[in-house]
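Understanding the architecture of this molecule
Letter by letter, the chains look like this.
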Amino acid sequence: MQMIGDWWSGLARRYQLIVGGVLVVVVGIGLVGWLITSRAAPAPLPAAVPPAQAQTSHPASHSVVGVSAASQVSSHDTRVFVDVQGAVAHPGLYEFSAGMRVADAVKSAGGLTAKADRQQVNLASRLTDQQQLAIPMKGEKPVDVGGKESAATKTSQSGGGASAKSGGPASVINLNTATVTDLQQLTGIGEKKAQKIVDYRTAHGSFQTVKDLTQVPGFGEKTVANLQDQLTT
């Protein structure tokens, strides 16, 4: 330090001012740099939309597509729901495919019980949507549900005795439960026309009224009018 002091004292006044000014500038620059580097870095801003939220719109769009697809499937629904009651092991509501028979319904319900009157059950009859299939017990009369004959009864009961008819069926035939054989008992109806009725019923569901028969190919209003008294739904 003594050497620095002697050196400083030996400088002329003008050089002392120059050296002092340079030292002040260097110190000032160093101080400014220190202040800049010591300032805390700003915290990073959060993302505008978190990744999890950015994808929330996709499930909604899929659900809309799912609803649309479900509505298209329901418009072509060919399922048949039948309420199986009476002398079966497990009565209840069962779902079937179009064209299935009473035998399928009995099997799904666990089969006939020992008290069932098998002679009154036509296992070959087709099932129809919203049908209540009542299996009668021995000594019990066939169940009449809502004015409609049960599909479990024998075809001879729904169609009337063929040997007893004179110019027409002895009793009214149900369009929604009759078989091809039953329908051939109608006046002027052969096997082909009877099959058309059954095929239409399978594809489009039960007839709501007898007049709906005009929607079957080959059945005009005049033909249906002639059969009006021989049919029911």
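Everything discussed here concerns the structure shown above.
Residues numbered from 1 in each chain as written. Predicted model: local features only at pLDDT ≥ 70, side-chain atom pairs only at ≥ 80, totals over all residues. Heavy atoms only, no water.

1. Quick notes on the overall build of the protein chain
When helices and strands are counted, the protein chain shows 9 helices and 7 strands. Residue burial in the protein chain is summarised as follows: out of 233 residues, 28% are buried. Restricting to contacts in the protein chain with at least 6 residues of sequence separation, those with at least 24 account for 44%. For the protein chain, the computed accessible surface area is about 15100 Å², with 60% contributed by carbon and sulfur atoms. (Helix = DSSP H or I, 4+ residues; strand = E, 2+ residues; numbered from the N terminus. Buried < 20%, exposed > 50% of the residue type's maximum accessible area, 1.4 Å probe, protein only. Contact = heavy atoms within 4.5 Å. Areas by Shrake-Rupley, 256 points an atom, 1.4 Å probe, with all protein chains shown as cover.)

2. Section: the pairing of strand S2 (residues 92-97)
In this sheet, S2 lies alongside strand S1 (residues 79-86) in antiparallel orientation, the contact comprising 6 bridges. Bridge pairing links Val80 to Phe96 in S2. (Pairing = 2+ DSSP bridges.)

3. What to know about the environment of Ala178
Inspection of the secondary structure assignment puts Ala178 in the loop between strand S6 (173-174) and helix H7 (180-183). Along the backbone, Ala178 and Ala194 are 16 residues apart, and their C-alpha atoms lie at a distance of 9.5 Å. Contacts of Ala178, omitting those with residues within four sequence positions, involve Ile173, Leu183, Val198 and Arg201.

4. As for unusual backbone geometry
The phi dihedral of Gln130 is positive, around 70°, even though this residue is not glycine. Considering the arrangement of structural elements, one finds Gln130 in the loop between helix H5 (102-108) and strand S3 (131-135).

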